[in-house]
Amino acid sequence: MPYSLEMVALKRIPANRFGVLMSLEPAVGAVAGVILLKEHLSAIQWLAITFVITASVGSVLLGDAEDTVTPVQ
């Protein structure tokens, strides 16, 4: 079911935004684990999740900026 919803979403939103939403999955899973399963993540694990999301957002922002810059030959 989730995979089917992802495919529907991919058709309706730009790929770069879809990528950012996909990078949020580890954070949502971690929060669900904390709330529903009473799991505890270490600071390193939370930091790793933050890095994944930040890298995805950064690649989208920098990718858009690179599209507007013409390469020097």
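Below you will find a few notes about this structure. Quantities reported herein were computed from a predicted structural model and do not represent experimental measurements.

Rules of the game
Counting from 1, residues in each chain are numbered in the order their sequence is written. A pLDDT threshold of at least 70 governs which residues receive local features in this predicted model, and a stricter bar of 80 or more applies before side-chain atom pairs are shown or counted, although totals over entire chains, interfaces and linings include all residues. Excluded from the side-chain calculations are hydrogens and water; all other atoms, namely the structure's heavy atoms, are used. Numbering of helices and strands runs from the N terminus; a helix is a DSSP stretch of H or I covering at least four residues, while a strand is a stretch of E covering at least two. The accessible surface values rely on the Shrake-Rupley method and a 1.4 Å probe; as for residues, cover is taken only from the protein chains in view. For helices, the fitted line uses only the C-alpha atoms of the stretch in contact; every axis is such a line through C-alpha atoms, and the angle between N-to-C directions lies from 0 to 180 degrees. Crossing handedness is read from the near helix: turned anticlockwise from the far helix by less than a right angle, it gives a left-handed crossing, and turned clockwise, a right-handed one. Whether two residues touch is decided by their heavy atoms; if any such pair falls within 4.5 Å, the residues are in contact. Classification convention: Asp, Glu, Lys, Arg as charged; Ala, Val, Leu, Ile, Met, Phe, Trp, Tyr, Cys, Pro as nonpolar; all other residues, Gly among them, as polar. The term polar contact refers here to a pair of N or O atoms within 3.5 Å; inside protein, the definition further demands a hydrogen-donor-capable atom paired with an acceptor-capable atom, and it admits residues adjacent in sequence only when both atoms are side-chain atoms. Exposure is judged per residue with a 1.4 Å probe applied to protein chains only, and the accessible area is read against the type maximum: over 50% gives exposed, under 20% gives buried, and values in between give partly exposed.

**Re the overall build of the protein chain**
Link 1 in the chain: Looking only at helices and strands, the protein chain features four helices and zero strands.
Link 2 in the chain: Traced from its N-terminal end to its C-terminal end, the protein chain shows the element sequence α-α-α-α.
Link 3 in the chain: Accessible area of the protein chain: about 5900 Å², with a carbon and sulfur share of 71%.

**Remarks on the packing of helix 1 (residues 2-12) against helix 2 (residues 15-23)**
Link 1 in the chain: At a closest axis distance of 8 Å, the pairing of helix 1 and helix 2 adopts a crossing angle of 145°. The crossing of helix 1 and helix 2 is right-handed. Of helix 2, the residues touching helix 1 (which contributes E6, A9 and L10) are A15, F18 and M22.
Link 2 in the chain: Its residues assigned to classes, the contact of helix 1 with helix 2 shows five nonpolar, no polar and one charged.

**Examining the side chain of S56**
Link 1 in the chain: Within the element layout of this structure, S56 appears in helix 4 (residues 43-68).
Link 2 in the chain: Here the side chain of S56 touches S23 through a polar contact of 3.5 Å, side chain to side chain.
Link 3 in the chain: Apart from the residues within four sequence positions on either side, S56 is in contact with G19, V20 and S23.

**Looking at unusual backbone geometry**
Link 1 in the chain: Not every positive phi belongs to a glycine, and K38 is a case in point at roughly 60°.
Link 2 in the chain: Tracing the chain through its elements places K38 in the loop between helix 3 (25-37) and helix 4.
Link 3 in the chain: Taking relative accessible area as the criterion, K38 reaches 61% and is therefore assigned exposed.

Any functional reading would require information beyond the geometric quantities listed.
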